[in-house]
Amino acid sequence: MEQLTNLGVADARAGLADGRFSSVELTQANLQRIEEVDGALHAYLRTTPAKALEAAAEADRLRADGDDRPLLGVPLAIKDVLMTEGIETTAGSRILEGFVPPYTATAVQKLEAAGAIVLGKTNTDEFAMGSSTENSGYGATRNPWDAERVPGGSSGGSAAAVAADEAPAALGTDTGGSVRQPAALCGVVGLKPSYGRVSRYGLIAYGSSLDQIGPLTKSVVDAALLLQVIAGADSHDSTTLPADVPNYAEALSEKAEGIRIGIPQEYFVQGIQPEVEAAIRIAIEQFATLGAEIVPIQLPSTELALPVYYMVVTAEASANLARYDGIRFGLSVDGETIFDHFRQTRGAGFGPEVKRRIMLGTYALSAGYYDAYYLKAQQVRTLIRQEFERAFTEVDVVLSPTSPTTAFRIGEKVDDPMAMILTDIFTTTANLCGLCGISVPCGFDGEGLPIGLQLLGPSLGEEVILRAAYAYEQSTDWHLRRPNL
Ligand code: GLN
């Protein structure tokens, strides 16, 4: 019997179609693996074994009747910021403990409509605020490559689950890097689609002008397959783009010929871990060998991206999180007056990072400060976007490290919010500008920790970043390595 938990989406799909194994066997194997390793990793907040096995048995029956939907019988993990009807959804926050949503997010619903099965909900920084999954109200997730280290965040549970073979693939969300950075730190592939490419209906909102849902997978092909299913316009989300969804798998090619790859000169001067920089430089040479054209470019406003991002995202978060008042859903702590009730509930339910961001965001939006902070940030955001627009007239993709360092130790940056923020230096621009981006494994540091390479593309440029990522991946074996658990 082949090792079923090693399989990604494409391989699982092929095995199911050929009758080499059933969906029940595949689902059982993944649930068994979760039993074995998740006690040490805590990638999942909860699993839904009964539901999953029932759906798997149904998938096997349907297949016998000729059903061949693309994801029929393939189990997946879902980040706990995506609502799932009948399954508790907390966004990693105590304020939503016990909340069971009345409907399912469009992206998840599309996966299920394609035949996929939900294995469970994965851990996340509270309301997706963080870069390490340590801000979860339910305890940290550990990195499968080294349990003393963080898996990245905020989709750290999804990244760890995929890296540890606890799921063939997972969904995460990316507001400032939360799909790409944990993918890099866990040695898997993470794709952030362009703003508007995937519906956010049923996604618990963090920064509404930045949030996107994307897949975390064991290969670039799998990222293309999942994007194919979740992409497209949705009448429930007016920010989705009406553009047609191309055939992403068909765009993949083992050659990178003709792809112009921009290397931003500004990205190699800051404090990058030397092994990360070395791996990226070798990858650039590899791209040249594959036929890509390497073009030095300038993105001088890069250093402004972090302050702009943290101004915009906290402002939006402060508005989005106003709804958690202890009356409509989740935790409710009685107070003497209605205002006291809000205060007690929010005081008890939100963790320290969430409170810090609500305070920062409220301040940035308050009368008298709005122009100096929020408005100014939006103006600089436009400048950054114009810089990228100019760059994309000269190149097809922009290459950089995904994260300046490999996985750091649990606890190392908890008391230093500034150090934590700096880990987002290469990822936030994509969200500020609505671009698409992908992280693929590109090596290991001296301690055996994975390194990720980021490719950014213009809005709706998913085909080109997937093509470049695939060509690179197929010419290396980084994505085939597995942690020793
Ligand atoms: N680390 C960033 C933040 O805390 C990004 C998080 C995300 O993409 N959800 O805001």
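All figures in this text were calculated on a predicted structure; none of them were measured in a lab. (Residues numbered from 1 in each chain as written. Predicted model: local features only at pLDDT ≥ 70, side-chain atom pairs only at ≥ 80, totals over all residues. Heavy atoms only, no water.)

J.: Describe the sheet that holds strand β10 (residues 436–444), with residues and values.
T.: Working definition: the strands of a sheet are paired by backbone hydrogen bonds and lie parallel or antiparallel to each other. Read from one edge to the other, the open sheet built from 11 strands follows the order β1-β3-β2-β4-β6-β5-β10-β11-β9-β7-β8, with strand pairing classed as mixed. In this open sheet, the two strands that pair with only one neighbour each are β1 (44–47) and β8 (293–297). Across the sheet, the mean angle separating the axes of adjacent strands is 30° when strand polarity is ignored. Where strand β4 (residues 169–174) and strand β6 (residues 212–217) come together, 6 bridges link them in antiparallel fashion. For G172, the partnering residue across the bridge sits in β6 and is G214. Across the sheet, helix α7 (residues 220–230) lies against β2 (75–79), β4, β5 (189–192), β6 and β10, angled at about 145° from β6, the strand it touches most. (Pairing = 2+ DSSP bridges. Helix = DSSP H or I, 4+ residues; strand = E, 2+ residues; numbered from the N terminus. Axes fitted to C-alpha atoms, helices over the stretch in contact; angles between N-to-C directions. Contact = heavy atoms within 4.5 Å.)

J.: Can you explain empty space enclosed by the protein? Please cite residues and give values.
T.: Under the defined criterion, the tally for this structure stands at 3 cavities of 30 Å³ or more. Considering only enclosed or pocket space, the largest cavity measures out at about 90 Å³ in volume. Taken together, 14 residues line the largest cavity, and the ones lying closest to its centre are G130, S131, S178, Y309 and D424. The residue inventory of the lining of the largest cavity, partitioned by class, reads 4 nonpolar, 8 polar and 2 charged. In this structure, the second largest cavity occupies an estimated 70 Å³ of space. Lining the second largest cavity are W145, V162, A163, D165, C186, G187, V188, K218, H479, R481, R482 and P483. Of the residues assigned to the lining of the second largest cavity, the class counts are 6 nonpolar, 2 polar and 4 charged. (1 Å grid on protein atoms, 1.4 Å probe; cavity = no way out; pocket = protein on both sides within 12 Å on 5 of 7 lines; lining within 4 Å. Points joined across faces, edges and corners; volume = space filled by probe spheres on them. Nonpolar A, V, L, I, M, F, W, Y, C, P; charged D, E, K, R; others polar.)

J.: Lay out the site of the ligand with the relevant residues and their values.
T.: As a matter of local geometry, the ligand sits amid 15 residues, with S131, G176, S178, Y206 and Y309 nearest to it. Between the ligand and Y310, the relevant distance is 3.5 Å, taken from an oxygen atom to a side-chain nitrogen or oxygen of the residue. When the ligand is considered free in solution it has 290 Å² of accessible area, and contact with the protein chains removes 100% of it. Judged by the fraction of its atoms near the pocket grid, the ligand is located in the largest cavity. (Near = heavy atom within 4 Å. Polar contact = N/O pair within 3.5 Å; in protein donor to acceptor, adjacent residues only side chain to side chain. Areas by Shrake-Rupley, 256 points an atom, 1.4 Å probe, with all protein chains shown as cover. Sits in = over half its atoms within 2 Å of the grid points.)

J.: Go over the packing of aromatic side chains, please, and point to the residues and values.
T.: This model, assessed by the stated rule, comprises 16 aromatic pairs. When the ring of Y324 is compared with that of F350, the centres are 6.3 Å apart and the planes differ by 90°; the resulting orientation is edge-to-face. Remark: F350 occurs in the loop between α11 (338–349) and α12 (352–365) and Y324 occurs in the loop between α10 (302–320) and α11; sequence separation between them is 26 residues. According to the relative accessible area criterion, Y324 is buried, its value standing at 4%. A ring pair is formed by Y369 and Y373, whose centres lie 6.2 Å apart and whose planes are at 25°; its orientation type is stacked. A relative accessible area of 34% means that Y373 is categorised as partly exposed. Sitting above the plane of the F268 ring, R281 keeps its charged end 4.5 Å from the centroid. (Phe/Tyr/Trp six-rings, centres within 6.5 Å; stacked < 30°, edge-to-face > 60°. Buried < 20%, exposed > 50% of the residue type's maximum accessible area, 1.4 Å probe, protein only. Lys NZ or Arg CZ within 6 Å of the ring centre and 35° of its normal.)

These results come straight from atomic positions and should not be treated as a statement about function.
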